[in-house]
Amino acid sequence: MVDRNGWGGDRPVLTGSRRSPPPSFVEQANVTDSGIYDEFDANWPDCWERAADLLSWNRPYETVLEDENAPFYRWFTGGQLNAAENCVDRHLEAGRKTHTAIRWEGKHGDRKTYTYRDLYVAINEFAAALRELGVEEDDVVTIYLPMIPELPIAMLACARIGAPHSVVFAGLSADALATRMDAADSEFLVTCDGYYRRGDAFNQKSKADNARLKLAQDVRTVVVDRLGEDLPHVLGDEEFDYHGLREEFAGETVEPVPRDAEDMLFLMYTSGTTGEPKGVVHTTGGYLSHVAWTSHAVLDVKPEDTYWCAADIGWITGHSYIVYGPLALGTTTVMYEGTPDYPDRDRLWEIVDRNAVDIFYTAPTAIRAFMKWGEDYPDRHDLSSLRLLGSVGEPISPRPWNWYYEHVGNGECPVVDTWWQTETGAVTISTLPGIDEMKPGAAGPGLPGIDVRVVDESGEPVEPGESGYLTIARPWPGMVRTLYDGDDRFRAEYWDQFSAPDRGEWWYGSGDAARIDEDGYITVLGRVDDVINVSGRRLSTMEIESAITGVEGVAEAAVVGRSSGTNGTDIQAYVSTEGGYDDQGAVHEAIVDNIEAAIGPIARPTDVLFTPELPKTRSGKIMRRLLEDVANDEELGDTSALRNPEIVGEIQAEIREE
Ligand code: PRX
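No experiment lies behind these values; they were computed from the predicted model shown.

Visitor: Where do I start with the overall build of the chain in this structure?
Guide: A tally of helices and strands in the chain yields 20 helices and 29 strands. In terms of overall dimensions, the chain is globule-like: its C-alpha atoms have a radius of gyration of 24 Å, near the 26 Å expected for 658 residues. For the chain, the spread of C-alpha atoms along the three principal axes comes to 70 × 60 × 60 Å. Within the chain, buried positions represent 62% of all 658 residues. Between the mean site of the 58 positive side-chain charges and the mean site of the 115 negative ones, the chain shows a separation of 2 Å.

Here you go:
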């Protein structure tokens, strides 16, 4: 049915045999009543009060859901709360000041522990400093920091004073930072001098400086000194030293600003189907309720746990499940600066062992790497503290799933395969680990209260076992409220395709293809739009293509995702050059440079293939789908609409030669 990516029904995606949750887990699970699905159904939308009840409200909400102006839904309206107060202050009041909030594991084996009290002090001092710098409620503060404790501190300091943050992944380029700051009209930036990655020191400040040069607005910048002597830096006008500010405001406290439930908590830019990144708007009440609830119900987080989500806070996973969800529940959240293979491939297991981590949440791309490296690495350590394992970001096939279950979880930890998106804010599809059987390869059913449907192009549900478009037919608290760039784009991106406003039906289109089985379990098949998911990171083909066509000598380009055994998906670029540009080596180099400058190294293509022409329809549209078939060595789809069918064979021949 949906074969844009060659994921059609003719290519079965296998799921493994079912497994029951281990009894030792069920005994202690946060959620064990299988009636919860029916209860949420019968009592919808009030069922979501359960999520809101996990938070402390300064003023109780009056209405659970306002849907008059769909798809612009409003949750918990009338209520007021502050996210930083929920993540920090209330745990101090509950007598848990000395409990560890953040356990930071640095790149070079350096470590830091922040108790809830330490976090409270840091957030207050930095919030006071931000105010002094002129940050007011509703001003967007951009944060461009790697995985150092100052990142969550800056986020929560913003939340405390009601200033939405927009975190830009530290690995993105100066151009990407500038585009996001420009789109959000952001006049404040928090960054650092540099950071370590593997053995090297990277200069972050020079990227931030270059970004600022491109902006029309004046920007006040706070710089965290991460590298000290390793990378001395000088502060210019309107630049302030983070540690200096903390000293200046030492001991100051700032009252948390009560925010309306629907006030923006943060903006997160993500790739969409056009070259322009989308500014996804998340709110204070709905988002925080949903991340707290799913941390409780899906990840089974308890306050006394040591919980580790090995993602980067620069993306949504880290926002929801390193910072807001676990801290809202008052647990200990581990934050890791380094990579899984440095100094050795047992680094993660060493951290699990030393910290007695209870819950571990990572991405399939990492799990596939662990599998490749072999079981000796986890075997070197005592992983018996683990109680639950999670996966997020890409489909996980049964083999890596089983490997994770056996070699990391020792067959005793449930694995939750959680499907969600930047736009859903929090997990929407997963098994509930204390209730549901697991089916390796299938994420699971929609969570209680989440109405997931797999439909065909006209919005009709497809038969069980057939592939279709993954949609959500009812709103949920953590959902994106709009796009910062405008309500029209919001409707066009997510709602226009499957909704029937005349029937009052608003169905959210996720951009993913999926299959639903008789038992309601969803197997996610991949993206159906012009987005590629590389190692769990979303990249827009158009954004990469425009970086390529910006290179002198390039006539046209098409970028596709190719499935590869170990990396999930990698990027292949097909490029045709203008006459006279014969030095393909030089063009190739310039292409890679341009992509790194426009987006960052994460978007670097694995292969750049030069071809005299790209396959095109008679109306001149590049047929990316065919190139995808070629890249994936699949049987070619219909080529009859092509103006230049012979080129496909030529490209195939070139690939085989390589
Ligand atoms: O294609 C799906 C894939 O990641 C996309 C969302 O990417 P992003 O907004 O960056 O958020 C990533 C982390 C939540 C989805 O559209 N995806 C995410 N989780 C899964 C998944 N694909 C299959 N199985 C999953 N568990």
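Picking up after the structure, the text goes on.
Visitor: Could you clarify how one ought to interpret the site of the ligand in this entry?
Guide: Taken together, 17 residues sit near the ligand, with Asp417, Thr418, Thr422, Arg527 and Arg538 positioned nearest. Interatomic distance of 2.6 Å between a side-chain N/O atom of threonine 422 and an oxygen atom of the ligand. In this structure, arginine 538 approaches the ligand through a side-chain N or O atom, which is 2.7 Å from an oxygen atom. Among the secondary structure elements, those contributing two or more residues to the shell around the ligand are helix H11 (316-328), strand E20 (415-418) and strand E24 (522-527). Broken down by class, the residue content of the shell around the ligand amounts to six nonpolar, six polar and five charged.

Visitor: Could you clarify how one ought to interpret the pattern of salt bridges in this entry?
Guide: Between side chains of opposite charge, a pair can form when the charged atoms approach closely. Evaluated as defined, the whole model comprises 47 salt bridges. Across the pair glutamate 105 and arginine 111 runs a salt bridge whose closest N-O atoms are separated by 3.7 Å. The exposure class of arginine 111 is partly exposed, given its relative accessible area of 49%. One salt bridge in this structure joins arginine 503 and glutamate 505, with 3.2 Å as the shortest N-O distance. Of the residues examined, arginine 503 reaches a relative accessible area of 59% and is grouped as exposed. Overlapping salt bridges, with partners in common, bring together Arg18, Glu437, Lys439, Arg515, Asp517 and Asp519 in one network.

Visitor: Please clarify how the nonpolar core should be interpreted in this entry.
Guide: Soluble, globular proteins show a tendency: their nonpolar side chains are buried together. Counting 126 residues, the largest nonpolar core has Trp48, Phe126, Ile143 and Tyr324 as the members making the most contacts within it. With 10 residues, helix H5 (residues 116-132) is the largest single contributor of residues to this core. In this structure, Ala176, Val534, Val554 and Val608 belong to the second largest nonpolar core, which totals 35 residues.

Visitor: Please explain the sheet that holds strand E29 (residues 607-610) as it appears in this structure.
Guide: The strands making up a sheet associate through hydrogen bonds between their backbones, and the pairing can be parallel or antiparallel. Overall, mixed pairing links the three strands, which are arranged E27-E28-E29 in an open sheet. Two strands bound the open sheet, and with one partner strand each, they are strand E27 (554-564) and E29. Each neighbouring strand pair of the sheet contributes to a mean axis angle of 25°, computed without reference to strand direction. Judged from the 10 bridges that link them, E27 and strand E28 (residues 568-577) form a sheet pairing that is antiparallel. What sits directly across from alanine 557, in E28, is valine 575. Each of E27 and E28 is contacted by helix H17 (residues 541-549), which is oriented at about 140° to E27, the strand it contacts most. Along the sheet, helix H19 (residues 624-631) contacts E27 and E28; its crossing angle with E27, the most-contacted strand, is approximately 50°.

Visitor: I would appreciate a short explanation of the environment of tryptophan 57 in the present structure.
Guide: Position of tryptophan 57 among the secondary structure elements: in the loop between helix H3 (49-52) and strand E1 (63-66). Residue classification places tryptophan 57 among the buried residues on the basis of a relative accessible area of 18%. On a C-alpha basis, the gap between tryptophan 57 and glycine 79 in space is 6.9 Å, while along the polypeptide they are 22 residues apart. Discounting chain neighbours no more than four positions away, the residues touching tryptophan 57 are Ala52, Phe76, Gly79, Gln80, Leu81, Ala261, Gly285 and Ser289. One polar contact links the side chain of tryptophan 57 to the main-chain carbonyl oxygen of alanine 52, over a distance of 2.9 Å.

Visitor: Honestly, helix H4 (residues 83-93) in this entry has me stumped. Any pointers?
Guide: An α-helical turn contains 3.6 residues, so a residue and the one three or four places further along point in the same direction. Of all 11 residues in H4, nine are buried; the element is thus mostly enclosed. The set of residues buried in H4 consists of Ala83, Ala84, Asn86, Cys87, Val88, Asp89, Arg90, His91 and Leu92. Buried positions along H4 lie against strand E3 (80-81), H5, helix H6 (150-160), strand E14 (264-270), helix H10 (285-297) and H11. Just downstream of H4, glycine 95 is the residue with a positive phi angle, here 80°.

Visitor: What is the right way to look at the environment of threonine 317 in this model?
Guide: Mapped onto the elements, threonine 317 comes out in helix H11. For threonine 317, a relative accessible area of 13% puts it in the buried group. With 39 residues separating them in the primary sequence, threonine 317 and lysine 278 have C-alpha atoms 17 Å apart.

Visitor: What's the story with unusual backbone geometry in this structure? I'm lost.
Guide: Working note: non-glycine residues mostly have negative phi, and peptide bonds are mostly trans. Omega for the peptide link from tryptophan 44 to proline 45 comes to 0°, which places this bond in the cis form. Mapped onto the elements, proline 45 comes out in the loop between helix H2 (36-42) and H3. Look at the link from alanine 70 to proline 71: it is a cis peptide, with omega at 5°. With respect to the helices and strands, the residue proline 71 is situated in the loop between E1 and strand E2 (74-77). Phi is positive for aspartate 138, which is not a glycine, with a value near 75°. Structurally, aspartate 138 can be placed in the loop between H5 and strand E6 (141-143). We classify aspartate 138 as partly exposed; its relative accessible area is 46%. One non-glycine residue, aspartate 633, lies in the positive phi region at around 55°.

Visitor: Would you mind showing me how to read the packing of aromatic side chains here?
Guide: Each aromatic ring pair is specified by the distance between its two centres and by the angle formed by the two planes. The tally for this structure, following the rule as stated, stands at 28 aromatic pairs. Where tyrosine 195 meets phenylalanine 202, the ring centres are 5.8 Å apart and the plane angle is 20°; that geometry is what we call stacked. Here tyrosine 195 falls in the buried class, since its relative accessible area comes to 9%. Phenylalanine 202 sits in the partly exposed class, given a relative accessible area of 40%.

Visitor: It is not clear to me how the pairing of strand E18 (residues 359-362) should be interpreted in this structure. Could you clarify?
Guide: Looking along a regular strand, one sees the side chains alternate between the two faces of the sheet. Burial along E18 is two-sided: the residues Ile359 and Tyr361 and Phe360 and Thr362 are all buried. Across three bridges, strand E16 (residues 306-309) lies against E18 in parallel orientation. Looking at E18, one finds that tyrosine 307 is bridged to isoleucine 359. Pairing between E18 and strand E19 (residues 388-392): four bridges, direction parallel. Among the inter-strand pairings, phenylalanine 360 is bridged to a residue of E19, identified as leucine 389.

Visitor: Help me understand helix H8 (residues 205-213), please; the structure alone is not making it clear to me.
Guide: Among the residues of H8, those classed as buried are Lys205, Ala208, Ala211 and Arg212. One side of H8 holds all its buried residues, which, seen down the axis, span an arc of 120°. At its buried positions, H8 is contacted by helix H7 (174-183), strand E8 (188-192), strand E10 (200-203), strand E11 (220-224) and strand E12 (239-241).

Conventions we followed
Residues numbered from 1 in each chain as written. Predicted model: local features only at pLDDT ≥ 70, side-chain atom pairs only at ≥ 80, totals over all residues. Heavy atoms only, no water. Helix = DSSP H or I, 4+ residues; strand = E, 2+ residues; numbered from the N terminus. Rg over C-alpha atoms; globule rule 2.2 N^0.38 Å. Buried < 20%, exposed > 50% of the residue type's maximum accessible area, 1.4 Å probe, protein only. Lys, Arg positive; Asp, Glu negative; His and termini not counted. Charge placed at Lys NZ, Arg CZ, Asp CG, Glu CD. Near = heavy atom within 4 Å. Polar contact = N/O pair within 3.5 Å; in protein donor to acceptor, adjacent residues only side chain to side chain. Nonpolar A, V, L, I, M, F, W, Y, C, P; charged D, E, K, R; others polar. Salt bridge = Lys/Arg side-chain N within 4 Å of Asp/Glu carboxyl O. Core = buried A, V, L, I, M, F, W, Y, C linked by side-chain atoms within 4.5 Å. Pairing = 2+ DSSP bridges. Axes fitted to C-alpha atoms, helices over the stretch in contact; angles between N-to-C directions. Contact = heavy atoms within 4.5 Å. Phe/Tyr/Trp six-rings, centres within 6.5 Å; stacked < 30°, edge-to-face > 60°. Arc of directions from axis to C-beta.

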